[in-house]
Amino acid sequence: MQGENIVKRFYAKNQPWNFNVIDMESRFELKILDPKTGNTHTLAGIIDRIDKPTDAAYEIIDYKTSRKMKSQESIDGDLQLSLYHMSLLKRWPHIPSEAVNLSLYYVKHNEKLTTKRTPEAAKRVEEFVISIIQDIETRTASNDFPPQPSALCDWCGYKAMCPAWKFMF
């Protein structure tokens, strides 16, 4: 019943004929070069929806089912949206960075929060991602991956081999 109400409210506010949807469930591979090692790393994902509201604008929309909405400040720095932005610009390099809106649509609240990214922000995100990759490579070389149990462990496919859960298996 809750799902039905969510869908009804969504379509009451967002009639499909009012939008120019150009892609849904859009798969991407984002190649990032590590300038230190020369290695290219590939990040892959799926963008829920890409719209073209005007001739000069694009909007990436990611649907969220969580009960809690993020703050605008949090969305302004959201890594997932930043990676989606980078992937769209690499796929279609003719699009100016400022022409892309990035939105999280919270379906339970029927609210959409939107942000943008600058080319400078995209560069910082790329550097941040490279630093994470370098950290992973360093930790992999020294087998330094201590478990960090959380509520997400119940959905993890590696639980049976995780040191934090060895008492169960």
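Above: the structure in question.
Residues numbered from 1 in each chain as written. Predicted model: local features only at pLDDT ≥ 70, side-chain atom pairs only at ≥ 80, totals over all residues. Heavy atoms only, no water.

A.B. asks: How do you make sense of the overall build of the chain when you look at a structure like this?
C.D. replies: For the chain, the count of helices and strands is four helices and five strands. The proportion of buried residues among the 169 residues of the chain is 33%. A fraction of 58% describes how many contacts in the chain between residues 6 or more apart in sequence connect residues 24 or more apart. As displayed, the chain offers around 11,200 Å² of accessible surface, 57% of which is attributable to carbon and sulfur atoms. (Helix = DSSP H or I, 4+ residues; strand = E, 2+ residues; numbered from the N terminus. Buried < 20%, exposed > 50% of the residue type's maximum accessible area, 1.4 Å probe, protein only. Contact = heavy atoms within 4.5 Å. Areas by Shrake-Rupley, 256 points an atom, 1.4 Å probe, with all protein chains shown as cover.)

A.B. asks: Is there a simple way to think about the pairing of strand β1 (residues 21-33) in this case?
C.D. replies: Moving residue by residue along a regular strand, the side chains alternate between the two faces of the sheet. Sheet analysis places β1 next to strand β2 (residues 40-54), joined by 11 bridges and oriented antiparallel. If you follow Met-24 over to β2, its bridge partner there is Arg-49. In textbook terms, the turn of a hairpin is the stretch between consecutive antiparallel strands, and for β1 and β2 this stretch comprises six residues, one of which, Gly-38, has a positive phi near 80°. (Pairing = 2+ DSSP bridges.)

A.B. asks: Is there a simple way to explain the sheet that holds β2 in this structure?
C.D. replies: The strands making up a sheet associate through hydrogen bonds between their backbones, and the pairing can be parallel or antiparallel. On the basis of which strands lie adjacent, the open sheet formed by five strands has the order β1-β2-β3-β4-β5 and mixed pairing. Of all the strands in the sheet, the pair left with one neighbour each is β1 and β5 (111-115). Neighbour to neighbour, the strand axes of the sheet diverge by 40° on average, direction disregarded. Helix-sheet contacts for helix α3 (residues 79-91) involve β1, β2, β3 (57-64), β4 (100-106) and β5, and the interaxial angle to β1 is about 90°. (Axes fitted to C-alpha atoms, helices over the stretch in contact; angles between N-to-C directions.)

A.B. asks: Looking at this structure, I do not really get the layout of surface pockets. What am I missing?
C.D. replies: Left-over empty space is what a probe sized like a water molecule reveals as it rolls over the atoms. Looking at the largest pocket, its volume works out to about 270 Å³. Forming the walls of the largest pocket are 13 residues, and the residues nearest its centre are Phe-10, Tyr-11, Met-24, Arg-49 and Tyr-63. Of all the secondary structure elements, the ones that give two or more residues to the lining of the largest pocket are α1 (2-13) and β1. Here the lining of the largest pocket takes four residues from α1, the largest share from any one element. Grouping the amino acids of the lining of the largest pocket by side-chain chemistry returns 10 nonpolar, two polar and one charged. By volume, the second largest pocket is sized at about 230 Å³. In this structure, the second largest pocket is lined by 13 residues; those nearest its centre are Cys-153, Cys-156, Tyr-158, Lys-159 and Cys-162. (1 Å grid on protein atoms, 1.4 Å probe; cavity = no way out; pocket = protein on both sides within 12 Å on 5 of 7 lines; lining within 4 Å. Points joined across faces, edges and corners; volume = space filled by probe spheres on them. Nonpolar A, V, L, I, M, F, W, Y, C, P; charged D, E, K, R; others polar.)

A.B. asks: Would you take a moment to explain the pattern of salt bridges for this structure?
C.D. replies: Oppositely charged side chains may form a pair once their charged atoms are brought near each other. Under the criterion given, the structure shown has eight salt bridges. Here Arg-49 ties to Asp-51 by a salt bridge, and the two come within 2.6 Å at their closest N and O atoms. The class of Arg-49 is buried, set by a relative accessible area of 8%. A salt bridge links Lys-159 to Asp-154, with the nearest nitrogen and oxygen atoms 3.1 Å apart. (Salt bridge = Lys/Arg side-chain N within 4 Å of Asp/Glu carboxyl O.)

A.B. asks: So what exactly am I meant to see when it comes to unusual backbone geometry here?
C.D. replies: The phi torsion of most residues other than glycine is negative, and most of the peptide bonds are trans. Of note, Asn-110 is a non-glycine position whose phi angle comes to about 55°, a positive value. Summarising the element assignment, Asn-110 is placed in the loop between β4 and β5. With a phi angle near 50°, Asn-143 is a residue other than glycine that sits in the positive phi range. Positionally, Asn-143 belongs in the segment after α4 (119-141).

A.B. asks: Could you clarify how one ought to interpret the packing of α3 against α4 in this entry?
C.D. replies: Between two packed helices, both the angle of their axes relative to each other and the distance between the axes serve to describe the pair. Contact geometry for α3 and α4: axes closest at 10 Å, N-to-C directions at 110°. Comparing their axes, α4 and α3 come out roughly perpendicular. Read as a crossing pair, α3 and α4 show a hand that is left-handed. Every residue of α4 that contacts α3 at Leu-79, Ser-82, Leu-83, Met-86 and Lys-90 is listed here: Ala-122, Val-125, Glu-126, Phe-128 and Val-129. Residues that form the contact of α3 with α4 fall into these classes: seven nonpolar, one polar and two charged. (Parallel < 35°, antiparallel > 145°, perpendicular 65-115°, else oblique. Left-handed = near helix turned anticlockwise from the far one by under 90°.)

Just geometry here; none of it tells us what the structure is for.
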